[in-house]
Structure formats: structure tokens, C-alpha cells
Amino acid sequence: LEAVFATSSVASPTGCATTPLTTTSVQVAWTNNATGAASNHIEKSTDGTVYTEVGTTAAGIAVYSGAGTNGLSVNTKYWFRTRAKLSDIYSGYSTAEPKYTLSEKPGKKDFTEISGSIIRINWSANGNPSGTMYYCENISLEAVTATSETTWKNSGLTPSTIYAFRIRSKNSDGVYSDWMDMG
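Sequence order as written defines the numbering, with residues in each chain counted from 1. Whole-chain, interface and lining totals are the exception, using all residues; otherwise, since this is a predicted model, local features are given only for residues with pLDDT of at least 70 and side-chain atom pairs are given and counted only at 80 or more. As a rule here, side-chain values cover all heavy atoms of the structure and leave hydrogens and water aside.

So what exactly am I meant to see when it comes to the pairing of strand β3 (residues 39-45) here?
One face of the sheet, then the other: side chains in a regular strand alternate in exactly this way. Within β3, six of the seven residues are buried, which leaves it mostly tucked inside the rest of the structure. Pairing analysis gives six bridges linking β3 to strand β4 (residues 52-58), with the strands arranged antiparallel. For Asn40, the partnering residue across the bridge sits in β4 and is Thr57. Pairs of strands are assigned from DSSP output, requiring at least two bridges between the strands. Runs of H or I in DSSP of at least four residues are treated as helices and runs of E of at least two as strands, each being numbered from the N terminus. In this structure, the hairpin formed by β3 and β4 is closed by a connection of six residues, where Gly48 is found at a positive phi of approximately 80°. Taken together, the seven bridges between β3 and strand β6 (residues 77-86) define a ladder with antiparallel strand orientation. Counterpart to Ser39 in the pairing with β6 is Lys85. Only protein chains enter the accessibility calculation, which uses a 1.4 Å probe. A residue is then buried if its area is under 20% of the maximum for its type, exposed if over 50%, and partly exposed in between.

What am I meant to see in the environment of Ser155 here?
Structurally, Ser155 can be placed in strand β14 (residues 151-155). What makes Ser155 partly exposed here is its relative accessible area of 46%. Taking the C-alpha atoms as reference points, Ser155 and Ser103, 52 residues apart in sequence, are found 27 Å from one another. Contacts are assigned to residue pairs with any non-hydrogen atoms lying within 4.5 Å of each other. Not counting chain neighbours up to four residues away, the residues in contact with Ser155 comprise Ser117 and Ile118.

Explain the environment of Tyr90 to me, please; I cannot follow it from the model alone.
Mapping Tyr90 onto the fold places it in strand β7 (residues 89-90). Note on Tyr90: relative accessible area 33%, which makes it partly exposed. Setting aside chain neighbours within four positions, we find Tyr90 in contact with Val10, His41, Arg83, Ala84 and Lys85.

Just checking my understanding: could you explain the sheet that holds strand β16 (residues 180-181) for this structure?
Note: strands within a sheet are paired through backbone hydrogen bonds, in either parallel or antiparallel orientation. Strand order in this open sheet of four strands is β13-β12-β15-β16, and the pairing throughout is antiparallel. Looking at the sheet topology across the chains shown, the edges are occupied by β13 (143-147) and β16.

Would you explain the pairing of β13 in this entry?
Strand direction decides the pairing type here: strand β12 (residues 133-138) and β13, joined by five bridges, are antiparallel. Counterpart to Tyr135 in the pairing with β13 is Ala146. Hairpin connection, β12 to β13: the antiparallel pair is bridged by four residues, and Glu142 has positive phi, about 55°.

How should the sheet that holds strand β2 (residues 26-31) be read in this particular structure?
Taken together, the three strands give an open sheet; going across it, the order is β1-β2-β5, and neighbouring strands pair in antiparallel fashion. The open sheet has two free edges, formed respectively by β1 (14-20) and β5 (63-64), since each of these has just one partner strand. Note that β1 and β2 share five bridges and pair antiparallel. Within β2, the position partnered with Thr14 by the bridge is Thr31.

When you look at the packing of aromatic side chains in this model, what are you seeing that I'm missing?
Here the distance between the centres and the angle between the planes together describe a pair of aromatic rings. Any two rings among Phe, Tyr and Trp, with Trp reduced to its six-membered ring, count as a pair given centres within 6.5 Å; such a pair is stacked if its planes are under 30 degrees apart, edge-to-face if over 60, and tilted if neither. Counted under the stated rule, the structure contains four aromatic pairs. Measuring from centroid to centroid gives 5.6 Å for Trp123 and Tyr134, while their planes differ by 65°, and the two rings are edge-to-face. With Trp123 in strand β11 (residues 118-123) and Tyr134 in strand β12, the pair connects residues that are 11 residues apart, well separated along the chain. Assigned by exposure class, Trp123 and Tyr134 land together as buried. The structure contains a cluster of three or more aromatic residues connected by ring pairs, namely Trp152, Tyr163 and Phe165. Here, a charge over a ring means that NZ of Lys or CZ of Arg falls within 6 Å of the ring centre while also lying within 35 degrees of the ring normal. Arg81 extends its terminal NZ or CZ atom over the ring of Tyr51, reaching a point 3.8 Å from the ring centre. Above the ring of Trp179, the side-chain terminus of Arg166 is found at 4.0 Å from the ring centroid.

Could you clarify how one ought to interpret the pattern of salt bridges in this entry?
Pairing between side chains of opposite charge can happen when their charged atoms approach one another. What makes a salt bridge here is a side-chain nitrogen of Lys or Arg within 4 Å of a carboxyl oxygen of Asp or Glu, nothing more. Scanning the model with the defined rule gives three salt bridges in all. Taken together, the shared-partner salt bridges connect Glu43, Arg81 and Arg83 into one network.

Here it is as C-alpha cells:
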């Protein structure tokens, strides 16, 4: 007698990618390769090691932006992966490169330490975590300074001269926020 075993497999999705949509949400997309799969399962991680399932899509749907992809922390790194399911059989994973949510535009501003040649500009992080980079521009002098602080001392100014300033943040993937006009 010869034993015959039926094996069944589900083709893994490929090309999983994460796109930041806002400061607190992302979208996950992939290529479906599983014929007849009943669903796709999306998982999220904050460390790239431990994943939690955050949602499912119906067969044929290759994009997800539901629960678990919104309400995220500002300028924070997340990993996502997906796999297909047919009956009780799961495919292998397609894992996206980790991405950061977008950073917030700097918040409330004020000016201190104003003298003939110095202006210190202060702003709020507006929800951005510590370490967020800010790009401060003296538009009048076309000079840009980068800092991870929420204050900028612009010195060497000419007394009785009008200057214009603006500031923006950058997330850790290098995507800039809109400029905040500082006056």
C-alpha cells in the first residue's frame, strides 16, 4: 500500500509597503499572490520583533488603512506585515520596511532675548517626540539651522533691520512638515 498525503499551501503576498498618511496614521499595501485565499491578515509591531494582528481584508483587497493603522504616535517608527489565509492555512509573511508617521508642524511661538543683534525664537513641540529635528530659516538671510531643541538663537543680526523667520519639523524618515511662519 502506498500512502498519499494531500498538501496544501497558500502563496505569500509580496511587496508589502507602508505609506505615512498623517502624523497618526499609515496605509499598508501589498501584492496578492494567493489564488482563492479567503482573507489577508495585517499585523503591526513597535519593535520589529513582536507583532499583533490589527486587521483583515477580504480576498482580492491589497490595501489596508483601518484599525491599528490610525491613532498612532507622532513621528514614531512602526513595522507592518501581512499574510494570506485560506481555510486554516496561512501563507508566509510579506514584511514592509519600517516607516515613521509624519511629524507635526511646530506649535505655539514666542520671541525672547531680543537685542540689537540677537533674537531667540521658541516654539512648542506640538506632539513631536524628543529628538525630532527642526529646521529654522532666517528667510531674510537665506540661512537655515537644524536643531533638535525647541528654541533657536539667531545671532549676528544687524540692528534696526526687519527679519522674517520660519520653522518646520522633519520626521525620522526625512519627510518635512509644512513651514510655520514665525514672523
